[in-house]
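The lines below spell out each chain.
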Amino acid sequence: MTLRDIETGQTVIIDKVGGSGALRQHFLDMGVIPGAEITLEKLAPMGDPMELRLHGYELTLRLADAEQIEVSPLPDKVKGEVKRSSTISDSRHSSEHPGLGEGGKFHPKGSGDPLPKGTTLRLALVGNQNSGKTTLFNRLTGSKQHVGNFPGVTVDRKDGAVKGHPEAVITDLPGIYSMSPYSSEEIVSRSFVLDEKPHAIINIVDVTNIERNLYLTVQLLEMDIPMVVALNMMDELTANGGSIDVNEMELMLGVPVVPISAAKDQGIEELVQHVLHVARYQERPVKQDLCGRTEKGGAVHRCLHSIAHLIEDHAESAGLPLRFAASKVAEGDALITEQLGLEQNELETVEHIAAQLEKERGLDRSAAIAEMRFSFIFRVCSASVKKPAESREHIRSKRIDRILTGKYTAIPVFILIMGAVSFLTFNVIGKFFQDLIEMGVGWLTELTDAALTASNVNEVIHGIIIGGLFEGVGSVLSFLPIIVILFFFLSLLEDSGYIARVAFFMDKLLRRIGLSGRSIVPMLIGFGCSVPAVMATRTMPSERDRKMTILLTPFMSCSAKMPIYAFFVDAFFPDIGWLIYIGLYALGVVIGIIAACIYKGTLFKGEAVPFVMELPNYRIPGVRNTLMLMWDKAKDFLQRAFSVILIASLAVWFLSSFDLSMKLVDDTENSILAAAAGFLAPVMAPLGLGDWRILVSLVCGFMAKESVVSMLEILYAGDAATAMTTLAALSFLVFSLLYTPCVAAIAAVKRELGGKWAAGVVFWQCLVAWLAAFIVRLVGMLFGGV
Amino acid sequence: MNVLDIILIVVIAAVIAGAVFLSVRRKKKGSSCCGDCAKCKKR
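Here the structure is a predicted model, which is why all the values come from computation and not from measurement. (Residues numbered from 1 in each chain as written. Chains lettered and ligands numbered in written order. Predicted model: local features only at pLDDT ≥ 70, side-chain atom pairs only at ≥ 80, totals over all residues. Heavy atoms only, no water.)

1. Structural notes on the sheet that holds strand 6 (residues 121–127) of chain A
All names here are of chain A.
- If you trace the 6 strands from one edge of the open sheet to the other, you get 7-8-6-9-10-12, paired in mixed fashion. One side of each edge strand has no neighbouring strand; the edge strands of this open sheet are strand 7 (158–162) and strand 12 (257–259). Adjacent strand axes in the sheet meet at a mean angle of 25°, parallel and antiparallel pairs treated alike.
- The pairing of strand 9 (residues 200–206) with strand 10 (residues 227–232) spans 6 bridges and is classified as parallel. Across the sheet, the residue bridging to Ile-201 is Met-227, located in strand 10.
- Packing of helix 5 (residues 210–221) onto the sheet brings it into contact with strand 6, strand 9 and strand 10, and relative to strand 9 it is tilted by some 165°.
- Each of strand 10 and strand 12 touches helix 7 (residues 246–253); the most contacted strand, strand 12, lies at about 150° to it. (Pairing = 2+ DSSP bridges. Helix = DSSP H or I, 4+ residues; strand = E, 2+ residues; numbered from the N terminus. Axes fitted to C-alpha atoms, helices over the stretch in contact; angles between N-to-C directions. Contact = heavy atoms within 4.5 Å.)

Have a look at this one:
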């Protein structure tokens, strides 16, 4: 029987994990190991993928991948038994405190061999995805990095000095499940730990999901780098009736263990003291054998020790920790094996040793080693962890999921939520504040204009201030509320854990166009801004999916295009504004789907990689986090308005106000800009947009989309609405929706995929935009439009 | 050209200088992690 065949609610035992390569290793690292109990929680609304529960957390898996996992029914005698990790009696504080990482306990106070004074301590924050690393980083450094509630918010390393300890610099790394990298942002973390050799590691462990989190801890112990384990979300565990014997765990792991709650700012000071101590005194993990000498015949023990002896000299010259290198070689990690530069004889010997392991254990090498690690974890957990029966957060999540991922409700609710977000953003809250700012800016412009006229100020200076600054910058300022409100809603969806669910139930649909459910996350972010959307693709394990998602992101209408839509809706479609907004967003998505089908059949042939993702519990979004994100976006928008847009506005005002002999012109038709842009204007003529001023505004939009409206206002002297027909306005909207993303987004594409792809995106998006706008115009003309 | 014109020219020049400074700073801040820590020169 395979995992695919089991019924909803049925619990089975894993017998064998099939498949090959990095994906199989990923399964094993996520705890899908022979002997583990796994329960089918539910199937996605469209029947695929499935939501499974193992080691106390939820995992998604496609049916096709589940087919590779052989399972057998749970023996009757096991049913109803208390799980291994829950067997501890309530013996809190019974063990003696080992005092690791504390002066006066591990070594006499004032002694030891500290690093020279003045050494900058480099610390690394390492942990599973969605374990609260960035929340802890913000606490430790006082910074305001964005956090979310889905796996893989951090895709980049971030540095910051520890608050009150300027001599210590901490790096927040993307979340990883193990030291076998699966996706590109996991490589960032592994490379950092291996190559940069931080003075100490803070390993953050989510105690509500402790077994899977400790898998990384066990691998980090092999790195032989001073380390402190931070048990995060302790408040949640204890509130649900669970507890951890911290002393016992510290003793068994051989590194300091500090219980904390990053969200509630508890235990942070103690954590800082411990990590600074182990970093300064270079107190490494206590040496111990994780592979029991007698455990299951001792096959793994003998295998790892034999390989360790064999590769000792290579590991030393490659600068790799021996224990880590030995287990990676045994697992068959190609990167580490290559780095070690083993000779043919040694490679063959390794092969023989591993083959013997497989024979004795009846498991393949990767599974045997993963199983050894989990055995150690179960020993630690059964001795030190008292798990709650079921956390309140999980019960709450299950209840919410009955609706949000329910068979018949998931997609209608998703459409309803997205509809409500756009309605509230564009029509209710955002619109109210937009009108308010518009009134303010208009009043200030009139006041300044009157004052300048009354003071008889020079005509050119008057023009720069009113025509350049006020009309340029002022016209985009009013869109600030819409953008901030949109990000407010996106932040709520992300922080609550809903976006991860959207990925879950959209997987089957997205697979039809060659993508995986994970692609939905960058795409939804793309409705806010393409730059973080492109960056967010780093969480995707497959290069093919990543490239394809990046190429599709520009089809998602970013928030910077909103001013363009709002401007034209106000001028041409005031009564059916909401229809135009929804129509444009939908058109972007539809053309994106068509493009994806084209990519699938040409550039990116083949299937999307398996969808293996953790589903976090729902959480109430943090007010501070949401406000911080809104402030960041507002600041970013204002900076753009007063930098790029201001300069572009002034440049366009200058070029449109003077002729080639530097004389002020009465009619912009005689300006420098008209002469320059006039050459290219015929290209846009078939779209009904043959006016050179339209071309200039679109070109300026490449710098920042918001500036399209400013440019139209400047070039048409505030009369842009009357210079276009309704059909031309519609065609303009479609072109603006689809043409090249702004320079910042293109730079992000270049950073992720290279210059050729970035140039390709610019050209391709312009071509698609032109064709779509042309079709819209043709259809409009058929219905009698002009 | 009167005194007010001169004051306004100075103010406009200061605003432009500020905008250029902001743009340059934005561009620098925009540079991010390439993921290749071993070869990265930005650190």
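2. Section: the pattern of salt bridges
All names here are of chain A.
- Following the criterion strictly, the structure yields 26 salt bridges over all chains and no others.
- Between Glu-211 and Lys-387 there is a salt bridge, with the nearest N and O atoms lying 3.7 Å from each other. You can see Glu-211 sitting in helix 5 and its partner Lys-387 sitting in the loop between strand 13 (385–386) and helix 14 (392–404), a full 176 residues away along the chain.
- A salt bridge links Arg-365 to Glu-358; the shortest N-O distance between them is 2.9 Å.
- On the accessibility criterion, Arg-365 (17% relative accessible area) is buried. (Salt bridge = Lys/Arg side-chain N within 4 Å of Asp/Glu carboxyl O. Buried < 20%, exposed > 50% of the residue type's maximum accessible area, 1.4 Å probe, protein only.)

3. Details of the domain arrangement of chain A
Residues and elements named next belong to chain A.
- Per the domain assignment, the segments making up chain A are domain 1 (3–81), domain 2 (295–386) and domain 3 (412–608 + 624–782).
- If you look at the interface, domain 1 gives 8 residues, while domain 2 gives 9 residues.
- Together domain 1 and domain 2 conceal approximately 690 Å² of surface at their shared face, both sides included; 67% is due to carbon and sulfur atoms.
- In this assembly, domain 1 and domain 2 are joined by 1 salt bridge.
- The partner of Asp-364 in a salt bridge is Arg-24, with the nearest N and O atoms 2.4 Å apart.
- Where domain 1 packs against domain 2, one counts 2 residue pairs in polar contact (both at pLDDT 80 or more).
- Among the residues forming the side of domain 1 that touches domain 2, the class breakdown is 3 nonpolar, 3 polar and 2 charged. (Domains from an automatic or database assignment. Buried area = accessible area lost by both parts, 1.4 Å probe. Polar contact = N/O pair within 3.5 Å; in protein donor to acceptor, adjacent residues only side chain to side chain. Nonpolar A, V, L, I, M, F, W, Y, C, P; charged D, E, K, R; others polar.)

4. Here we look at the packing of aromatic side chains
Residues and elements named next belong to chain A.
- In total, this model carries 18 aromatic pairs over all chains according to the counting rule given.
- Seen from their ring centres, Phe-432 and Phe-433 are 5.2 Å apart, and the 75° between their planes marks the pair as edge-to-face.
- On the basis of relative accessible area, Phe-433 is assigned to the partly exposed category, the value being 37%.
- Pairwise contacts between aromatic rings join Phe-567, Phe-568, Phe-572, Phe-573 and Phe-732 into one cluster.
- A cation over a ring is seen here: Arg-212 above Tyr-57, with NZ or CZ 4.3 Å from the ring centre.
- Taking the ring centre of Tyr-618 as reference, the NZ or CZ of Arg-501 above it sits at 4.0 Å. (Phe/Tyr/Trp six-rings, centres within 6.5 Å; stacked < 30°, edge-to-face > 60°. Lys NZ or Arg CZ within 6 Å of the ring centre and 35° of its normal.)

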